[in-house]
Amino acid sequence: MKSAGNILKQIFSLILPVTVLILVPLSIESDFSVKTGWFLPAGLILVATGLYILVRTILLFSLVGKGTLAPWSPTIKLVTSGMYSYVRNPMITGVLIILTGESAVFLSINILIWAVVFFIINNIYFLLYEEPNLKLKFGQEYLQYKQNVNRWLPKIKFLKLMK
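Per chain, the residues get numbers from 1 upward, laid out in the order the sequence is written. Restriction of local features to residues with pLDDT of at least 70 applies here, the model being predicted, together with a cutoff of 80 or more for giving and counting side-chain atom pairs; totals for whole chains, interfaces and linings are based on all residues. As a rule here, side-chain values cover all heavy atoms of the structure and leave hydrogens and water aside.

(A) Seen up close, the overall build of the protein chain. A tally of helices and strands in the protein chain yields 7 helices and 0 strands. Reading the protein chain from its N terminus to its C terminus gives the helix and strand order α-α-α-α-α-α-α. Here the protein chain holds 163 residues, and the buried ones make up 39% of them. Here the open area of atoms and residues is found with the Shrake-Rupley method and a 1.4 Å probe, where only the protein chains shown may cover a residue. Looking at the protein chain as shown, the accessible area adds up to about 10,100 Å², and 72% of this sits on carbon and sulfur atoms. For helices the rule is a DSSP run of H or I covering at least 4 residues; for strands it is a run of E covering at least 2, with both sets numbered from the N terminus onward. Exposed residues in this analysis have more than 50% of their type's maximum accessible area, buried residues have under 20%, and partly exposed residues fall in between, with area computed by a 1.4 Å probe over protein chains only.

Structure follows, in structure tokens:
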């Protein structure tokens, strides 16, 4: 059973996704009327897909990594299974998919721009801070993982067969 401290860590770790997915869009978009047309179902599918990815990856951080997505309570074990066996940052991919879905549901260029800015910020963060620190923390295990798994897009296996 989880202790109260672990449960609080999990709850506080939700500050980041709530800020990125709800608070920032609320602060940059004034029209939250749902638009009709093909954008609505496409956006809802994207939001649902992104939420699925986000929840699955948060659970992996908790169950396998024994930590949270928050930098103040990081995992103690390198997570390389599940969606992390395809890309190194599926949690951020999930968030980007949700933001793209939100921009489609509300036909919001502001939220779409926020998604691009969020991606750029995270890419810089991963390059300058997270990846060097994961190398220090997990050493050869991380280096091997990094060599075998791409940061953002899964490796396409059939292209290897063509070489």
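(B) Quick peek at the nonpolar core. Leu-54, Tyr-84, Met-91, Val-95, Leu-99 and Phe-118 are the most contacted members of the largest nonpolar core, which has 30 residues in total. For this core, the secondary-structure elements that each account for two or more residues are helix H2 (15-28), helix H3 (39-63), helix H4 (90-105), helix H5 (109-138) and helix H6 (140-148). Definition used in this section: a nonpolar core is a set of buried Ala, Val, Leu, Ile, Met, Phe, Trp, Tyr and Cys residues joined via side-chain atoms within 4.5 Å.

(C) Summary view of the side chain of Ser-103. By the element assignment, Ser-103 lies in helix H4. We call two residues in contact whenever any of their non-hydrogen atoms come within 4.5 Å of each other. With near-sequence residues (within four places) excluded, Ser-103 lies in contact with Ser-108, Ile-111 and Leu-112.

(D) Quick look at the side chain of Asn-123. You can see Asn-123 is positioned in helix H5. Overall, Asn-123 belongs to the buried group, its relative accessible area being 19%. Leave out the neighbours within four places in its chain, and Asn-123 touches Arg-151 and Trp-152.

(E) Inspection of H5 at higher detail. To get the bend at any residue, fit one axis to the seven residues that end at it and another to the seven that begin at it, then take the angle between the two axes. Taking the largest bend as the criterion, H5 deviates by roughly 50 degrees, centred on Phe-126. Restricting attention to buried positions, one finds in H5 the residues Ile-111, Trp-114, Ala-115, Phe-118, Asn-122, Asn-123, Phe-126, Glu-131, Leu-134 and Phe-138. As for H5, its buried residues are in contact with H2, H4 and H6. N or O atoms closer than or at 3.5 Å make up a polar contact, with two conditions inside protein: a donor-capable atom paired with an acceptor-capable one, and, for residues adjacent in sequence, both atoms drawn from side chains. Looking at where H5 begins, the residue whose side-chain oxygen comes 3.4 Å from the main-chain nitrogen of Asn-110 is Ser-108. Gly-139 lies just past H5 and shows a positive phi near 60 degrees.

(F) View of unusual backbone geometry. With a phi close to 60 degrees, Lys-66 is a non-glycine residue in the positive phi region. Tracing the backbone shows Lys-66 in the loop between H3 and H4. Overall, Lys-66 belongs to the exposed group, its relative accessible area being 54%.

(G) Inspection of the environment of Ala-115 at higher detail. Residue placement: Ala-115 occurs in helix H5. Given a relative accessible area of 6%, Ala-115 falls into the buried group. Once residues within four sequence positions are removed from consideration, Ala-115 is found in contact with Leu-96 and Leu-99.

(H) Local environment of H4. Each helix should span, by expectation, one fewer than its residue count multiplied by 1.5 Å. Taking 1.5 Å per residue, 16 residues should reach 22 Å; H4 reaches 22 Å between its end C-alpha atoms and fits that length. When you tally the buried positions in H4, you get 14 out of 16 residues, the bulk of the element. At the C-terminal side of H4, Leu-107 shows a positive phi close to 45 degrees.

(I) Here's a closer look at the environment of Pro-17. Relative to the helices and strands, Pro-17 resides in helix H2. On the basis of relative accessible area, Pro-17 is assigned to the buried category, the value being 11%. Apart from the residues within four sequence positions on either side, Pro-17 is in contact with Ile-22, Leu-54 and Leu-69.

(J) The packing of aromatic side chains, seen in detail. Note on ring pairs: Phe, Tyr and Trp rings are taken, using the six-membered ring of Trp, and paired if centres are within 6.5 Å. Classes follow the plane angle, with under 30 degrees stacked, over 60 edge-to-face and the rest tilted. Per the counting criterion, the structure on display carries 9 aromatic pairs. Consider the rings of Phe-32 and Phe-106, whose centres lie 5.1 Å apart with planes at 80 degrees: the pair is edge-to-face. In this pair, Phe-32 is assigned in the loop between H2 and H3 and Phe-106 in the loop between H4 and H5, connecting sequence segments 74 residues apart. Put simply, the rings of Phe-119, Tyr-125, Phe-126, Tyr-129 and Trp-152 touch in pairs and so form one group of aromatic residues.

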